[in-house]
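# Geometric and topological summary
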Amino acid sequence: MNDRKHQPLSPELEATLPAVNIDNLIVSIKYYVDEEFAHIQVREHTVCATCGPKPCLDFCPVRVFTQDGQGRILVGYQACVECGSCRIGCPLHNIDWQLPRGGYGVAYKFG
Ligand code: SF4
Ligand code: SF4
């Protein structure tokens, strides 16, 4: 579990958010996990060691990124919902992100 502290949004900003519950969306998807190919990887763990804020621990909606006891970033790519935040969220461009191979990944249910 991520126990990092977050600043609450102001009431004005909170009022602009759409009434979407991400938990409800996440339970309505199916995963087709590719156990032989990790479509997300940290490029260099030595770079992560120099990354102060480590925003990957916060921006992923399904907490794909976690830290082990030594502070090393772990990537649980199997849970990825392909939101794309990895492509822009790492300040050091240290995440290698690709779409899953054909036939794998998440399937969203709409309607
Ligand atoms: S944000 Fe990028 S550089 Fe920083 S810890 Fe996460 S993966 Fe590593
Ligand atoms: S693409 Fe989105 S869901 Fe997948 S690991 Fe990156 S931030 Fe998490």
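For the structure itself, consult the block above.
The text that follows walks through the structure, step by step, so that each part is easy to find. All figures in this text were calculated on a predicted structure; none of them were measured in a lab. (Residues numbered from 1 in each chain as written. Chains lettered and ligands numbered in written order. Predicted model: local features only at pLDDT ≥ 70, side-chain atom pairs only at ≥ 80, totals over all residues.)

On to the overall build of the protein chain. Counting its secondary structure elements, the protein chain contains 5 helices and 6 strands. N-terminal to C-terminal, the α/β element order of the protein chain is α-α-β-β-α-α-β-β-α-β-β. Across the 111 residues that make up the protein chain, the buried fraction comes to 11%. Long-range pairs, those at least 24 residues apart, make up 71% of the contacts in the protein chain between residues at least 6 apart in sequence. (Helix = DSSP H or I, 4+ residues; strand = E, 2+ residues; numbered from the N terminus. Buried ≥ 20, exposed ≤ 12 C-beta atoms within 10 Å, placed from the backbone. Contact = placed C-beta atoms within 7 Å.)

Time to look at the site of ligand 1. As a matter of local geometry, ligand 1 sits amid Val42, Val47, Cys48, Cys51, Lys54, Pro55, Cys56, Ile73, Cys90, Leu92, Asn94 and Ile95. Of the residues contributing to the shell around ligand 1, the split by class is 10 nonpolar, 1 polar and 1 charged. (Near = placed C-beta within 6 Å. Nonpolar A, V, L, I, M, F, W, Y, C, P; charged D, E, K, R; others polar.)

Below, the discussion takes up the site of ligand 2. Neighbouring ligand 2 are 13 residues, the closest being Cys60, Cys80, Cys83, Ser85 and Cys86. For the shell around ligand 2, the residue count by class is 10 nonpolar, 2 polar and 1 charged.

This brings us to the environment of Pro91. Residue position: Pro91 is located in the loop between α5 (86–89) and β5 (95–97). Each C-alpha atom, one on Pro91 and one on Lys54, is 8.6 Å from the other, the two residues being 37 residues apart in sequence.

Within the largest apolar cluster, 10 residues are counted, these being Ile40, Cys56, Cys60, Val64, Phe65, Val75, Cys80, Cys86, Cys90 and Ile95. Other than its neighbours up to four places away in sequence, Cys60 contacts Phe65 and Ser85. (Core = buried A, V, L, I, M, F, W, Y, C linked by C-beta atoms within 7 Å.)

For the rest of this paragraph, the subject is the environment of Val81. Its place among the elements puts Val81 in the loop between β4 (73–75) and α5. With 50 residues separating them along the chain, Val81 and Tyr31 place their C-alpha atoms 8.5 Å apart.

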